[in-house]
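What follows is each chain in one-letter form.
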Amino acid sequence: MTWSPGIALAFIIAAMLPGLILSLVTTSLVRRWAPKLGLVDLPGERKVHVVPTPLGGGIGIWVGLVVPFAVAQVLVWYASSHPDMTFSSNLLQRGWDFAQPHLSGYQEKAISLWTLLTLATVLFTVGLLDDLTGLGWKIRLAVQFAVAATVVWFLDWRLSFFVDVPLIPEIVTLFWIVALINSFNMLDNMDGLSAGIAGIGSFMLASVLLLAPDPTTAGPQLFVGGFLLVLTGSILGFLFHNRPPAKIFMGDAGSYLIGFCMAVMTILATFGSYENNRQHAILAPLCILAVPLYDLITVLYIRIREGRSPFQADKCHFSHRLVEMGFSKTSAVLVIYLLTMTCGLGALLLHMVDLIGAVFVLLLVFCVLSLIALIERAARRKERNRSQ
């Protein structure tokens, strides 16, 4: 079946809708049970919420991600043993006609898929234990590096730089995974912020993969793109409960799960290749995730500059700094949404332009981040002058 806009839309809806519904319902149930389970985030000096709020929204995201793949696995096994199935419904028949050629490919990737989901579940579990009992940062970081090392050296998944330098791709991939895990964890500091950025980022990454053909098949990258769409659906289901004013937080369980899945998908996806002379397209994830990485880098810089531990939680995140400049909390979140989409739109162009065009796209992203930094700097100077 030819890949067309109508089929693409149907694919997007079919991939996102089950996870969205499951996450929406599960998160609603967790909201009711969270106090009994001890999953409550109490107000504190470094927090912006003023009333006790349920934790555990990550459970809804996990269910919305894992259960659709479990159901899909069962359906693939059944369909593989009944290749001559027909349906009275025209819609179901068209869906079957589209899916049938991809069944063998799905089966080939099943082991990798469930290995990925198992590792994601390990991080989810560690995050959930931290939500419940408060694990030390050393334990959490050790588990993150252990899982990332498993991805790099056991599964042999790593970033491609189109350069053959021993160990560099492995080390960069290791820190890339850990950085994204902690980036989304740090973003979870205002209602709807981390989940909204993750939803925007995962959908944009999926869009790039559905628009940019895989050089080995000349078709859209359905498997990685499909995974990201399922993740997007599960995030949106949770975001319904997390939008301002938030009724529940995702906790470390959700942010660890999201950050890890996003990191691994950027590793497994093919953004650029020598075949189409678009090596620069490998920078698409950096464009889409530029704002979360900006927040991570600036927060670590501020903490180290002030002589504090980089792992000490505080209120110096990008969103907090926007509020100090005069934005409301909701406006600050919306500003970061728009900045993420602005940088992400550049990623959609990278596979369509030549090297000169890619330079302009990257300069656009750089200018957006530089503008943010300059505005923040001016605001801090004004505040210092006022206090003197």
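Trainee: Where do I start with a nonpolar patch on the surface in this structure?
Mentor: Together, Leu9, Ile13, Leu17, Ile21, Val25, Leu29, Trp33 and Leu37 make up a nonpolar patch on the protein surface, roughly 740 Å² of accessible area in all. Within the secondary structure layout, Leu9 lies in helix H1 (residues 5–37).

Trainee: Honestly, the packing of aromatic side chains in this entry has me stumped. Any pointers?
Mentor: What characterises a pair of aromatic rings is the spacing of the ring centres plus the angle enclosed by the ring planes. Counting across every chain of the model gives four aromatic pairs. Between Trp62 and Phe124, the ring centres sit 5.6 Å apart and the planes meet at 15°, which makes this aromatic pair stacked. Here Trp62 is found in helix H2 (residues 57–81), whereas its partner Phe124 is found in helix H4 (residues 103–133), with 62 residues between them in sequence. Given a relative accessible area of 24%, Trp62 falls into the partly exposed group. Arranged with centres 5.3 Å apart and planes meeting at 20°, the rings of Phe69 and Phe227 form a pair that is stacked. Of this pair, Phe69 sits in helix H2 while Phe227 sits in helix H8 (residues 222–242), and the two are 158 residues apart along the sequence. Of the two residues, Phe69 and Phe227, both sit in the buried class.

Trainee: What am I meant to see in the environment of Ala263 here?
Mentor: Following the sequence through the fold, Ala263 ends up in helix H9 (residues 251–268). Considered as a pair, Ala263 and Ile181 are 82 residues apart in the sequence and their alpha carbons are 7.7 Å apart. Not counting residues up to four positions away in its chain, the partners in contact with Ala263 are Trp176, Ile177 and Leu180.

Trainee: Which parts of the structure should I look at to understand the packing of H2 against H4?
Mentor: When two helices pack together, their arrangement is given by the angle between their axes and by how far apart the axes lie. Direction vectors running N to C along H2 and H4 enclose 160°, while the axes themselves pass 11 Å from each other. Between H2 and H4, the angle is such that the two are roughly antiparallel. Viewed along their axes, H2 and H4 form a crossing whose handedness is left-handed. Grouping the amino acids of the contact of H2 with H4 by side-chain chemistry returns 18 nonpolar, five polar and no charged.

Trainee: Please explain the pattern of salt bridges as it appears in this structure.
Mentor: Charged atoms that come close allow side chains of opposite charge to pair. As enumerated under the stated definition, the model contains six salt bridges in all. The partner of Arg140 in a salt bridge is Asp130, and the shortest N-O contact between them spans 3.7 Å. Taken as a pair, Arg140 in helix H5 (residues 137–154) and Asp130 in helix H4 lie far apart in primary sequence, 10 residues in all. Residue Arg140 is classed as buried on the basis of its relative accessible area of 18%. For Arg308, the salt bridge goes to Glu306, with nearest N and O atoms at 2.9 Å. For Arg308, a relative accessible area of 22% gives the class partly exposed. With a relative accessible area of 46%, Glu306 lands in the partly exposed category. What you see here is one network of salt bridges that share partners, running through Asp156, Arg158 and Glu170.

Trainee: Would you explain the nonpolar core in this entry?
Mentor: Within soluble globular proteins, side chains that are nonpolar tend to cluster in buried spots. Formed by 105 residues in total, the largest nonpolar core has its most connected members in Leu65, Phe184, Phe227 and Phe260. In contact with Phe260, other than residues within four places in its own chain, are Leu116, Leu119, Ala120, Leu123, Val147, Val151, Ile177 and Ile181.

Trainee: I would appreciate a short explanation of the packing of helix H6 (residues 168–187) against H9 in the present structure.
Mentor: Following both chains from N to C, one finds H6 and H9 inclined at 145°, their axes separated by 7 Å at the closest point. H6 and H9 meet at a crossing whose hand is right-handed. Here H6 contributes Thr173, Trp176, Ile177, Leu180, Ile181, Phe184 and Asn185 to the contact with H9, which in turn contributes Asp252, Ser255, Tyr256, Ile258, Gly259, Phe260, Met262, Ala263, Thr266 and Ile267.

Trainee: Explain the environment of Tyr256 to me, please; I cannot follow it from the model alone.
Mentor: When you line up the elements, Tyr256 lands in helix H9. Residue Tyr256 is classed as buried on the basis of its relative accessible area of 0%. In this structure, the C-alpha to C-alpha distance between Tyr256 and Val178, residues 78 residues apart in sequence, is 9.4 Å.

Here is what the cut-offs are and how they apply
Residues numbered from 1 in each chain as written. Predicted model: local features only at pLDDT ≥ 70, side-chain atom pairs only at ≥ 80, totals over all residues. Heavy atoms only, no water. Patch = residues over 30% accessible without salt bridge, like charges linked within 9 Å, V, L, I, M, F, W, Y side chains within 5 Å. Areas by Shrake-Rupley, 256 points an atom, 1.4 Å probe, with all protein chains shown as cover. Salt bridge = Lys/Arg side-chain N within 4 Å of Asp/Glu carboxyl O. Helix = DSSP H or I, 4+ residues; strand = E, 2+ residues; numbered from the N terminus. Phe/Tyr/Trp six-rings, centres within 6.5 Å; stacked < 30°, edge-to-face > 60°. Buried < 20%, exposed > 50% of the residue type's maximum accessible area, 1.4 Å probe, protein only. Contact = heavy atoms within 4.5 Å. Axes fitted to C-alpha atoms, helices over the stretch in contact; angles between N-to-C directions. Parallel < 35°, antiparallel > 145°, perpendicular 65-115°, else oblique. Left-handed = near helix turned anticlockwise from the far one by under 90°. Nonpolar A, V, L, I, M, F, W, Y, C, P; charged D, E, K, R; others polar. Core = buried A, V, L, I, M, F, W, Y, C linked by side-chain atoms within 4.5 Å.

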